Each structure stands twice: as C-alpha cells, then as structure tokens.
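# Per-entry structural report
Residues per chain, in single letters:
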Amino acid sequence: MGCVVTGASMLVASACNTVIGLIFTQGLLYGIGGSCIMNPALSMPSQWMKKYRAIATGFAVAGGSVGGLWLSFATRAMVDNLGWKWSLRINGLIIIVVGCAASPLLRSRLKAARTEQFIDFASLKNVRFVMLFFSSLFACAGYFMPFYFMPSYVVVVIGQPSNWGANISSILNAGSIAGRLLVGISADYMGPLNALIVSTLMSTIAVLVMWLPFKSLEVMIAAAVVFGFFSGSLVSLVPVVTANLFGIKRIPSILGLLLISYMIGMLISSPVGGALLDKYGNGVDFTWLIVYNGIFFCLAVVTQLILRTILTRRVWHKI
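Nothing here was measured: the structure is a model prediction, and the numbers come from that model. Numbering of residues begins from 1 in every chain and follows the order in which that chain's sequence is written. Predicted model: local features are reported for residues with pLDDT of at least 70 only, side-chain atom pairs are reported and counted for 80 or more only, and whole-chain, interface and lining totals are derived from all residues. In computing side-chain values, all of the structure's heavy atoms are included and hydrogens and water are not.

A separate point is the overall build of the protein. Going along the chain from the N terminus, every DSSP run of H or I of four or more residues is numbered as a helix, and every run of E of two or more is numbered as a strand. Along its length, the protein carries twelve helices and zero strands. Reading the helices (α) and strands (β) of the protein from amino to carboxyl end gives α-α-α-α-α-α-α-α-α-α-α-α. Projected onto its principal axes, the C-alpha coordinates of the protein cover approximately 50 × 45 × 30 Å. Looking at the protein as a whole, 46% of its 319 residues are labelled buried. Considering only intrachain contacts with a sequence separation of at least 6, the fraction spanning at least 24 residues in the protein is 81%. For the exposure calls, accessible area comes from a 1.4 Å probe over protein chains only, and a residue counts as buried if that area is under 20% of its type's maximum, exposed if over 50%, partly exposed in between. By definition in these notes, contact holds between two residues if any of their heavy atoms fall within 4.5 Å.

Here is the structure:
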C-alpha cells in the first residue's frame, strides 16, 4: 500500500498547478505512503537476525542510498529533457512497479497478538525510551539539512556550476552506502549504541568543523564524504538499538512511536533552516543554517550519552 500511495502521490502531483495541490500530494500523501514503507522496512531485518542484526539492517537501509545515488542524476536528466511533470510521472511509476515487485519478498517473523497495542504507549514512561526518542528527534532534524542544502551551498556560495549540486548529492549517498554497511559491521563488535554515538559525533564534526568555517570545494567534498559515511547509520542503527533495549517483539510498536520523532525532526529541520537562510542570510549566507544544523547534532550526542550512562558507566562496555 505504501508504494502505491507514494507513487500515486507523484503521479497526481504532476498534474498540480497550485501550491495547495503540491502540499496535499507531495506533502500529505507522499508522507503517508513513505511512513507505510519505512516502518516495516526498518523493523523486519532485526526480527530475523540477532548476532548480525546491525549488518543486516545496514544492508537493507543501504538500498535507500543506492537509489539516491543514481536518482539525482536521472531526475536532473529527466527534468532537463522531459520537463518536471514527466520527471514526477516516471519516478512515481518506478516506485509503484519496483516497490510492488519487492514487497512480496518481505516477511514478518512476529505475529501480533490480538491484545497487543498497535502503539506501545507504556514505553512513554520508560526513561530509556524517552532518551532514545529525543535522540532520534534531534538526529533526524540534523540529518536532512545537509542533504537539502549542501548541494545549493556548492553552487551559491562556492560558485560551482549547477551540475555540482547533483555531484554533492551523489557523494553524500555514496558515502551513506559505505557507511551503513561498514558501520553496521563495526556495530556488531563494538555495540550498536556505541556505534550510534560515534556516528553522531562524526556527523557533528562534519557540519560544524568542516562545513561551517570553510568555503572551498575540496573541503566541501570531504565534508560530504564524512557526513554521508557516518550519517547513514543514524537511520540503520536505531532499529538495532531498539531491539537490544526492548526486545524484538516490541520493535514494530516502539518504532511506530519513534517515527513520530522523525516526523517532528523533519518539520523543525529543513523548513526552519530555509527560513533562517532567507531571513538572516538573504539566500546566500548559510552560517545560521549550518549552526542550527550543528546544534541538533550536539543535542543528539548529549541525549545518546545520557542513555548510555543510564545503561552502563563502563567506558569500554559493548552496548
């Protein structure tokens, strides 16, 4: 259903000529469809794996980066040669056809009991869940802004040709592919929460130490590589941490609540960042946007460290 709704939203959007229509299709319908895809896609690998849970989830989530790697170039070519309307139609059809072909291959290991709550509200009283919730919220808020604004930064601030926007997007996605796989492998040895903290810290460095003070293409490429590599695991490791903390039987219901944190994070990230860019940067000074981005990652690191302290105070403990 999620693939059909997501693809259909793009098909309908291609016929829209008003902002309200795009908000309804690209905003509401696409969001509903994407949520229906994301929750089972994130929760199922952890249900089937234990020893290599992080690796399995990393492989599964890396598919999103593979799609982003080629889709940025393909969409640019479609827009230039066919127009934006046909670009939306083709992308919508790809989602429907590929998604519906792959969906029958997914199998849930767990069967929900009739008495089980669809959303585990009891976990709201659990301090471990609260810390994980806010950690996911802050990390998600920071995660999307570089993907949206780094390509524009290269063109507007550094003065590169417009095709470099697609190049930076591809570098970010290529880094995410490698990061989700390699960090997933390391997480099975050092512990998923430890790996998540390291990845969030490195994402913070990429934003505040590399992106913020420098305005050169070489440093921008390096920042995109580092951020892409480590930020990808912010998505793939959360289900693994959830499974370790609460057990695989509670993954679907708890991830349903964690997706709310993702929703809030997305609402307060790029829209607010874009407003900061327009109001304080006049569309060309990204300083306050990048600082705003970095603040979220700093908050994510703090909440993750608090969660780890609650679980154990042993520095080198695998967790």
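Having seen the structure, we can now continue with the description.
Let us look at the nonpolar core. With 65 residues, the main nonpolar core has Met-150, Trp-211, Met-220 and Leu-258 as its most contacted residues. The element contributing the most residues to this core is helix H5 (residues 127-156), with 16 residues. Leaving out residues up to four positions away in the same chain, Met-150 has contacts with Met-145, Ile-168, Leu-172, Trp-211, Met-220, Ala-223 and Ala-224. Buried Ala, Val, Leu, Ile, Met, Phe, Trp, Tyr and Cys residues that are joined via side-chain atoms within 4.5 Å together make up what is termed a nonpolar core.

Attention shifts here to the packing of H5 against helix H10 (residues 251-267). Whenever a helix is involved, its axis is fitted only over the stretch in contact; in every case the axis is a line through C-alpha atoms, and angles between N-to-C directions fall within 0 to 180 degrees. One can describe the packing of H5 onto H10 by two numbers: an axis separation of 7 Å at closest approach and a directional angle of 40 degrees. The angle between H5 and H10 falls in the class oblique. Where H5 crosses over H10, the two elements pack in a sense that is right-handed. Where H5 abuts H10, its residues Phe-129, Leu-132, Phe-133, Ser-136, Leu-137, Cys-140, Ala-141 and Phe-144 lie against Ile-254, Leu-257, Leu-258, Ile-260, Ser-261, Tyr-262, Ile-264, Gly-265 and Met-266. Here the residues of the contact of H5 with H10 are counted per class, giving 14 nonpolar, three polar and no charged. Here the angle decides the label: under 35 degrees means roughly parallel, over 145 means roughly antiparallel, 65 to 115 means roughly perpendicular, and every other value means oblique. The crossing is said to be left-handed when, going from far helix to near helix, the turn is anticlockwise and less than a right angle, and right-handed when the turn is clockwise. Under the grouping applied here, Gly and all other residues not named as nonpolar or charged are polar, the nonpolar ones being Ala, Val, Leu, Ile, Met, Phe, Trp, Tyr, Cys and Pro and the charged ones Asp, Glu, Lys and Arg.

On to the side chain of Thr-242. Turning to its location among the elements, Thr-242 is positioned in helix H9 (residues 233-246). Residue Thr-242 is classed as buried on the basis of its relative accessible area of 0%. Other than its neighbours up to four places away in sequence, Thr-242 contacts Leu-132, Gly-247, Ile-254, Leu-255 and Leu-258.

Another point: H10. By definition here, a helix of n residues has an expected span of 1.5 Å times n minus one. In this model, H10 (17 residues) spans 24 Å end to end at C-alpha, consistent with the 24 Å of a helix rising 1.5 Å per residue. Among all positions of H10, only Ile-251, Ser-253, Ile-254, Leu-255, Gly-256, Leu-257, Leu-258, Leu-259, Ser-261, Tyr-262 and Gly-265 are buried.

Here we come to helix H1 (residues 2-13). Under the 1.5 Å per step criterion, the end-to-end length of H1 is 16 Å for twelve residues, consistent within 8% with the ideal 16 Å. By the burial criterion, the buried members of H1 are Gly-2, Cys-3, Thr-6, Gly-7, Ser-9, Met-10 and Ala-13. Along the axis of H1, the buried residues cluster in a sector spanning 150 degrees; they form a single face. It is the directions from the helix axis to the C-beta atoms whose arc is reported.

Within the fold, Asn-194 resides in helix H7 (residues 192-211). What Asn-194 contacts, discounting residues up to four positions off in sequence, is Arg-308, His-317, Lys-318 and Ile-319.

The relative placement of two aromatic rings is captured by the distance of their centres and the angle of their planes. Only the six-membered ring of Trp is used, alongside the rings of Phe and Tyr, when aromatic pairs are assigned; centres must lie within 6.5 Å, and planes under 30 degrees apart are stacked while those over 60 apart are edge-to-face, with the rest tilted. Per the counting criterion, the structure on display carries 13 aromatic pairs. Pairing Phe-129 with Phe-133 gives two aromatic rings, centres 6.0 Å apart and planes at 45 degrees, and the pair type is tilted. A residue pair is termed a helical-turn pair when its members lie 3 or 4 positions apart in one helix, as Phe-129 and Phe-133 do in helix H5 at four residues. Looking at Phe-133, the relative accessible area reads 15%, which means it is buried.

Along the chain, Asn-244 turns up in helix H9. Residue classification places Asn-244 among the partly exposed positions, given a relative accessible area of 47%. Between the alpha carbons of Asn-244 and Ile-319 there is a distance of 8.5 Å; along the sequence they are 75 residues apart. Those residues in contact with Asn-244 that lie beyond four places of it in its chain are Arg-53 and Pro-192.

Next up on the list: the packing of helix H6 (residues 163-190) against H7. Pairs of packed helices are described in terms of their axes, by the angle between the two and the distance that separates them. With their axes 7 Å apart at the nearest point, H6 and H7 run at an angle of 130 degrees to one another. Compared by their axis directions, H6 and H7 come out oblique. Along the contact surface, H6 presents Val-183, Ala-187 and Met-190, while H7 presents Pro-192, Asn-194, Ala-195, Val-198 and Ser-199. In terms of residue class, the contact of H6 with H7 is built from six nonpolar, two polar and no charged.

Time to look at unusual backbone geometry. Residues apart from glycine generally show negative phi values, whereas peptide bonds are mostly found in trans. Its identity as a non-glycine residue notwithstanding, Asn-282 has a phi of 55 degrees, on the positive side. When you line up the elements, Asn-282 lands in the loop between helix H11 (270-281) and helix H12 (287-311).

Moving on to the environment of Val-284. Relative to the assigned elements, Val-284 resides in the loop between H11 and H12. Counting along the chain gives 151 residues from Val-284 to Phe-133, while the straight-line C-alpha distance between them is 34 Å. If sequence neighbours within four positions are ignored, Val-284 has contacts with Val-156, Val-157 and Leu-277.

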